[in-house]
Amino acid sequence: MARGVAGVLRRAYNSRVRVLLSTRNLHSFRETESRSLCNSDFDVPTNRFCSGNRVRIQLPWNDYRFGCFEIGKVRTFSSTVDNNGENDDIEESVGSESDDYDEEGVINEFGDVDESLLNDSVVAETDEIGSEAARALNARYNDPVELYRELRESEVRSKLQLSEWDSLHEIFGYFAQSGWAANQALAIYIGKSFFPTAVSKFRDFFLEKCRIEVVQDLVRVGPTDEAVKFLFPVFVEFCIEEFPDEIKRFKSIVDTADLTKPATWFPFARAMKRKIVYHCGPTNSGKTYNALQRFMEAKNGLYCSPLRLLAMEVFDKVNALGIYCSLLTGQEKKHVPFANHVSCTVEMVSTDELYEVAVIDEIQMMADPSRGHAWTKALLGLKADEIHLCGDPSVLDIVRKMCADTGDELVEEHYERFKPLVVEAKTLLGDLKNVKSGDCVVAFSRREIFEVKMAIEKHTNHRCCVIYGALPPETRRQQANLFNDQENEYDVLVASDAVGMGLNLNIRRVVFYSLNKYNGDKMVPVAASQVKQIAGRAGRRGSRYPDGLTTTLHLEDLNYLIECLQQPFDEVTKVGLFPFFEQIELFAAQVPDMAFSKLLDHFGKHCRLDGSYFLCRHDHVKKVANMLEKVQGLSLEDRFNFCFAPVNIRNPKAMYQLYRFASTYSQDTPVNIAMGVPKSSAKNDTELLDLESRHQILSMYLWLSNQFEEKNFPFVERVEAMATNIAELLGESLSKVSWKMESKEEKVKGQKKEGRGYERPASLIKLVNK
Ligand SMILES: Nc1ncnc2c1ncn2[C@@H]1O[C@H](COP(=O)(O)OP(=O)(O)OP(=O)(O)O)[C@@H](O)[C@H]1O
Ligand SMILES: [Mg+2]
């Protein structure tokens, strides 16, 4: 049955056997295989689809393509699978159930399902139904190679009637529009952009050479999928002979954008037999603690953190315990003399050094759409005898698969929370006066955070610390310490989701101010995994509040909170990848003079990926690349580095400064900072935003100084001092915040315009006053 065949395929894939494939249905493949794809000897890809009595296989040498194989053929095919004796499924009868296998579309360059191609693939299934005329046509000219030869050698031009002429034009028009044919043409490296030209040349050739009988037979079939399927193998023959240069060029592009088998990119790591220990469990269960124990015992080690803040925390903690440890983030390098241990951010991982123990924290971030590639690279590439992964169970299966690929030993350690998280059903009944000492109120916008802080401070005796993403790590840390310290008046924390990862905070109860978040386009419910992660911050072993509580401000949000906490962890099926600079450089050589932002797009379109990986999003990089396009004189590598600088693309000041840095650098002049530090803390929100923005610019300078030579960014010390100064001013400003935020009317107007349908009261102060 279908499931059995798919089982064989999957097993074949998993055991990485080579498969010899021959197809009857797709003449084109058979013919092209004998020329360029030589026996079609390939690893079976993960994507396979069963429907009706067919199995469809996404072919491996190009992402976009489907081959369609009749089950009968798959039997033939199956019998050629060298599956190391595991061929018990092959004898199963072929049925039509496809219950376990949903229809899926073709994965396009962004990993999305391309509906149009899905529909096109249906074309491949219609041949069975095929019209009488089509059957006759196929029976008469069953060897496309022979038909092509005949056309090639023909010297007579048939006299066509006007109606035949029109019909042929319609048929070729239909061919040119066929997503299926365009897709299949990729098999012979006819790119999508060249496909229409190739079809038009093929049409001219056909009209010039074709015998009248063939024309008449074809016209009888008309502009249909059957006609396309009949013509396609002939088209393939034509292209191979007519466009060898185009094919070669496109093949080189596709080959240089090959991101398959990423495990093989790290031959030194592959030469090692590494032991991977997966500390798997929910938040607050001791995963990082245990991994760090092993890290500290080792004679040398590397800790990879998801955040600068956490890297700093581990750096401090480990040094405080008497183990010399250096710090390495994009912005700072603190080398501790005699240190054999390093705490770094995951993006800074070096796959050149050899370690006894490496810890990769928050490994589930491999699935992050933008940053995932850094975790994937660390896992595949680190040269360490022992690698400790800390994370939730969502990536456990894929880690198992990756370890099977790399040949590493995997040890799984499962954890439970020290104390279960308890949901308080009463909620805060919509009133912030019910906030208690040790509460962390979570809001999802900067504006709400300040409104909540001011409302609480105005109407209760509590004082609030704040933590949100735009604050420098030093300020976040200062706020966290202020909150953790029992000796002061700050006993409530108001935070964004920036609080969700790793920070050790003395939180008794996490209160969700709302469970909706603006996603850059509209308000959407916060993802269950994020809700879990944030709620899990409550109650910390060894802290003042070992028992964790969570609730919502409003009663109507409670059900969603409970729902989220009850949801099992998602199972991640793909993890992120991104090309190294060297890969981009190779690719760029194939498309000279292409603008960098276009180059990235082009790479995205042509890159090949294995089924367990996706290409990380790079919209942010493209925006910067667009802006820097006007800067002349940057090498590709310089451009690559500038484009990856940490910049808030929505902050015009920061974008302008980045542009200025790149322009100055391109003129080989030392880059200065040309910015001062305000003398006092912020007196209003605009000044606070200005401080945040200045710090981001300084941080960007420091990051760039680590990518380029010192002579280009020589003012590091001064910039560091300024950054420290601003972080302190920010801390001071936060303790004094008492100003009014952006007016309610403005916000409401904005919401209406964007049609967010967001009904929560915009001003909490007014709500509390009522
Ligand atoms: N065996 C232990 N002895 C003492 N303290 C511990 C122990 N295990 C964990 N802790 C403390 O419990 C708290 C939570 O542990 P840890 O940070 O390792 O959890 P985690 O599972 O990594 O959580 P998260 O998902 O937040 O990263 C920390 O403050 C840690 O120091
Ligand atoms: Mg942890």
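Residues numbered from 1 in each chain as written. Chains lettered and ligands numbered in written order. Predicted model: local features only at pLDDT ≥ 70, side-chain atom pairs only at ≥ 80, totals over all residues. Heavy atoms only, no water.

Novice: In this structure, what is going on with the site of ligand 1? I would like to understand it.
Specialist: Lining the immediate surroundings of ligand 1 are 14 residues, of which N284, K287, T288, Y289 and R537 lie closest. Between an oxygen atom of ligand 1 and a side-chain N or O atom of T288, the distance comes to 2.7 Å. Note that an oxygen atom of ligand 1 is positioned 2.6 Å from one of the side-chain N or O atoms of R537. Protein coverage of the free-state accessible area of ligand 1, which is 620 Å², stands at 83%. For the shell around ligand 1, the class distribution of residues is three nonpolar, six polar and five charged. (Near = heavy atom within 4 Å. Polar contact = N/O pair within 3.5 Å; in protein donor to acceptor, adjacent residues only side chain to side chain. Areas by Shrake-Rupley, 256 points an atom, 1.4 Å probe, with all protein chains shown as cover. Nonpolar A, V, L, I, M, F, W, Y, C, P; charged D, E, K, R; others polar.)

Novice: Is there a simple way to think about the sheet that holds strand β23 (residues 549-552) in this case?
Specialist: What links the strands of a sheet is backbone hydrogen bonding, and the strands pair in either a parallel or an antiparallel sense. Read across the open sheet, the six strands follow the order β16-β23-β20-β17-β19-β18; overall the sheet is parallel. Two strands bound the open sheet, and with one partner strand each, they are β16 (422-423) and β18 (463-467). Across the face of the sheet, helix α18 (residues 446-459) comes into contact with β17 (439-442), β18 and β19 (490-495) while running at roughly 170° to β18. Running over the sheet, helix α19 (residues 473-484) touches β17, β18 and β19 and is turned about 145° from β18. (Pairing = 2+ DSSP bridges. Helix = DSSP H or I, 4+ residues; strand = E, 2+ residues; numbered from the N terminus. Contact = heavy atoms within 4.5 Å. Axes fitted to C-alpha atoms, helices over the stretch in contact; angles between N-to-C directions.)

Novice: For this particular structure, what's the right way to read the side chain of T376?
Specialist: Mapped onto the elements, T376 comes out in helix α16 (residues 372-381). A polar atom in the side chain of T376 sits 2.7 Å from the backbone oxygen of G576.

Novice: Explain the pairing of strand β13 (residues 354-360) to me, please; I cannot follow it from the model alone.
Specialist: Within a regular strand, side chains alternate between the sheet's two faces. The element β13 is largely enclosed, with a buried count of six among its seven residues. Relative to β13, strand β9 (residues 301-305) is paired through four bridges, and the arrangement is parallel. Among the inter-strand pairings, L302 is bridged to a residue of β13, identified as A358. Pairing between β13 and strand β14 (residues 383-391): six bridges, direction parallel. Across the sheet, residue I360 finds its bridge partner in β14, namely L389. Handedness of the crossover joining β13 and β14 through α16: right-handed. (Buried < 20%, exposed > 50% of the residue type's maximum accessible area, 1.4 Å probe, protein only. Right-handed = clockwise from strand over helix to strand, strands pointing away.)

Novice: Would you mind going over the environment of I188 with me for this structure?
Specialist: Tracing the sequence through the fold places I188 in the loop between α8 (179-185) and α9 (195-209). When the C-alpha atoms of I188 and K653 are compared, they prove to be 48 Å apart, with 465 residues separating the residues in sequence.

Novice: Honestly, the pattern of salt bridges in this entry has me stumped. Any pointers?
Specialist: A side chain with one charge can pair with a side chain of the opposite charge if their charged atoms come near. Enumeration according to the criterion identifies 39 salt bridges in this entry. When the shortest N-O distance is used, the salt bridge between E386 and R294 registers 2.8 Å. With E386 in strand β14 and R294 in helix α14 (residues 287-297), this pair connects stretches of sequence that are 92 residues apart. For E386, a relative accessible area of 14% gives the class buried. (Salt bridge = Lys/Arg side-chain N within 4 Å of Asp/Glu carboxyl O.)

Novice: Is there a simple way to think about the nonpolar core in this case?
Specialist: Buried together is how nonpolar side chains tend to be arranged in soluble globular proteins. With 159 residues, the main nonpolar core has I360, M366, L493, F512, F642 and L704 as its most contacted residues. It is helix α27 (residues 685-707) that provides the largest number of residues to this core, a total of nine residues. Apart from the residues lying within four places of it in its own chain, the contact partners of L493 are D439, C440, V441, C465, V466, I467, F483, V499, L505 and I507. Counting residues in each nonpolar core, the second largest holds 45 residues, with W180, F194, V215 and A227 among its members. (Core = buried A, V, L, I, M, F, W, Y, C linked by side-chain atoms within 4.5 Å.)

Any functional reading would require information beyond the geometric quantities listed.
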